[in-house]
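Secondary and tertiary structure notes
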Amino acid sequence: MDNLNRKTVAILATNGFEESELREPKKALEEAGAEVHIVSLEAGEIRGWKDGNWSKSYKVNKTLDEVSQKDYHALMLPGGVINPDLLRNNEKAVSFVKSFFENKKPVGAICHGPWLLAEADVLKGRKVTSYSSIKTDIKNAGANWVDNEVVVDQGLVTSRSPKDLPAFNAKLVEEVYEGKHKMQTA
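Overview of the structure. Just so you know, these numbers come straight off a predicted model, no measurement behind them.

Comments concerning the overall build of the protein chain
Secondary structure summary: the protein chain contains six helices and twelve strands in total. The C-alpha radius of gyration of the protein chain comes to 14 Å, within 12% of the 16 Å expected for a compact globule of 186 residues. Counting only C-alpha atoms and orienting by the principal axes, one finds that the protein chain spans roughly 40 × 35 × 30 Å. If you take every contact in the protein chain between residues at least 6 apart in sequence, the share linking residues at least 24 apart comes to 68%.

Given below as structure tokens:
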């Protein structure tokens, strides 16, 4: 496994994230040696979603008011329907996402997470995948949408759903290890 010692990764999430899509990438990144912070809109805890019901709560490490992309080597965006829909309506969250692209840092997004990428206007000309129900939104944002388990495009890692987590996690760790991608653009 790639050694991510001294790398710090932000997971941007709020209530309603798909639990496995936060838990499993966080675990993979930490097992590879990264320090991972859950960044959210408010301090305290956020609650996941699993099998159509609320699930476990996770401690928020930092709020958006306390962080900058300068604090992190990479960003990860879990899906679920509620989580990215709430975040894409928050100007600070959208700006935070866009700042990683402007600074050529790796970003991972799974399931409905790419909704935030569409809102941040960073998908034009990019090859990506997502949950199939948001395919039209992603295409309308200028992306080349494909139905693949995992897609990597110059530091941007995307996957479709929890069933793709093993491939997503492996590629996310690899891209974080590689660091900045000069072709990563906003």
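Don't stop here, the text continues.
Digging into the sheet that holds strand β2 (residues 17–18)
If you walk across this open sheet you meet the three strands as β2-β4-β5, and the pairing is mixed. Single-partner strands in this sheet number two, and they are β2 and β5 (53–59). Pairing between β2 and strand β4 (residues 45–50): two bridges, direction parallel. Looking at β4, one finds that Phe17 is bridged to Gly48.

Some thoughts on unusual backbone geometry
Although it is not a glycine, Arg6 sits at a positive phi angle of roughly 70 degrees. Positive phi values are uncommon outside glycine, yet Asp121 reaches one of about 60 degrees. Secondary-structure assignment places Asp121 in the loop between α4 (114–119) and β9 (127–128). Judged by its relative accessible area of 38%, Asp121 is partly exposed.

With respect to helix α6 (residues 165–178)
Helix length check: α6 (14 residues) gives 20 Å between terminal C-alpha atoms against 20 Å at 1.5 Å per residue, within 8%. Looking at α6, one finds that the buried residues are Leu165, Ala167, Phe168, Asn169, Leu172, Val173, Glu175 and Val176. The secondary structure elements touched by the buried residues of α6 are β1 (8–12), α1 (19–31), β7 (74–77), β8 (107–110), β11 (150–153) and β12 (156–159). Two residues or fewer after α6 comes Gly179, characterised by a positive phi angle close to 85 degrees.

Let's talk about the packing of aromatic side chains
Aromatic ring pairs are defined here through the distance separating the ring centres and the angle between the ring planes. Counted according to the given criterion, the structure contains four aromatic pairs. Ring centres of Trp49 and Trp54 lie 4.9 Å apart, and the angle between their planes is 90 degrees; this geometry places the pair in the edge-to-face category. Residue class for Trp49 comes out partly exposed when judged on its relative accessible area of 24%. Residue Trp54 is classed as partly exposed on the basis of its relative accessible area of 40%. Between Phe96 and Phe100 the ring centres are 5.1 Å apart and the planes differ by 85 degrees, which places this aromatic pair in the edge-to-face class. Of this pair, Phe96 and Phe100 are both found in helix α3 (residues 91–102), four residues apart, which corresponds to roughly one turn of the helix. An identical accessibility class is assigned to Phe96 and Phe100; each is buried.

Description of the nonpolar core
Counting 30 residues, the largest nonpolar core has Leu12, Leu75, Leu77, Phe96, Val97 and Leu117 as its most contacted members. Among the elements of the structure, β1, β7, α3, β8 and α4 are those that each provide at least two residues to this core. Sort the elements by how many residues they give to this core and α3 lands first, with six residues. Ala13, Phe17, Ala34 and Leu172 belong to the second largest nonpolar core, which has 25 residues in total.

Observations concerning the sheet that holds β8
What holds strands together in a sheet is hydrogen bonding between their backbones, with the strands either parallel or antiparallel. If you trace the seven strands from one edge of the open sheet to the other, you get β6-β3-β1-β7-β8-β12-β11, paired in mixed fashion. The open sheet has two free edges, formed respectively by β6 (62–63) and β11, since each of these has just one partner strand. The pairing of β1 with β7 spans three bridges and is classified as parallel. Pairing of Ala10 across the sheet is with Leu75, part of β7. With respect to the sheet, α1 is in contact with β1, β3 (35–40), β7 and β8, its orientation differing from that of β3 by roughly 150 degrees. Running over the sheet, α6 touches β1, β7, β8, β11 and β12 and is turned about 175 degrees from β12.

Criteria and cut-off values
- For every chain, the first residue of its written sequence is number 1, and the numbers climb from 1 along that sequence.
- With pLDDT at 70 or above as the cut-off, local features in this predicted model cover only qualifying residues; side-chain atom pairs require 80 or more to be listed or tallied, and sums for whole chains, interfaces and linings still use all residues.
- Where side-chain values are given, they derive from all heavy atoms of the structure, hydrogens and water being excluded.
- Every helix listed is a DSSP run of H or I at least four residues long, and every strand listed is a run of E at least two residues long, numbered separately from the N terminus.
- The atom set for the radius of gyration is the C-alpha atoms, and the globule formula is 2.2 Å times the number of residues raised to the power 0.38.
- Here a residue-residue contact requires only that any non-hydrogen atoms of the pair lie within 4.5 Å.
- In this description, strands pair whenever DSSP reports at least two bridges between them.
- Each residue is placed in one exposure class: buried if its accessible area under a 1.4 Å probe, protein chains only, is under 20% of its type's maximum, exposed if it is over 50%, and partly exposed if it falls in between.
- One fewer than the residue count of a helix, multiplied by 1.5 Å, yields its expected span.
- In summary, the pairing rule links any two rings of Phe, Tyr or Trp, Trp by its six-membered ring, whose centres are within 6.5 Å, and it sorts them by plane angle into stacked for under 30 degrees, edge-to-face for over 60 and tilted for everything else.
- We define the nonpolar core as a collection of buried residues of types Ala, Val, Leu, Ile, Met, Phe, Trp, Tyr and Cys that are connected through side-chain atoms lying within 4.5 Å of one another.
- Axes, fitted as lines to C-alpha atoms, cover a helix only where it is in contact. Angles between the N-to-C directions of the axes lie from 0 to 180 degrees.

Read these as geometric descriptors, not functional statements.
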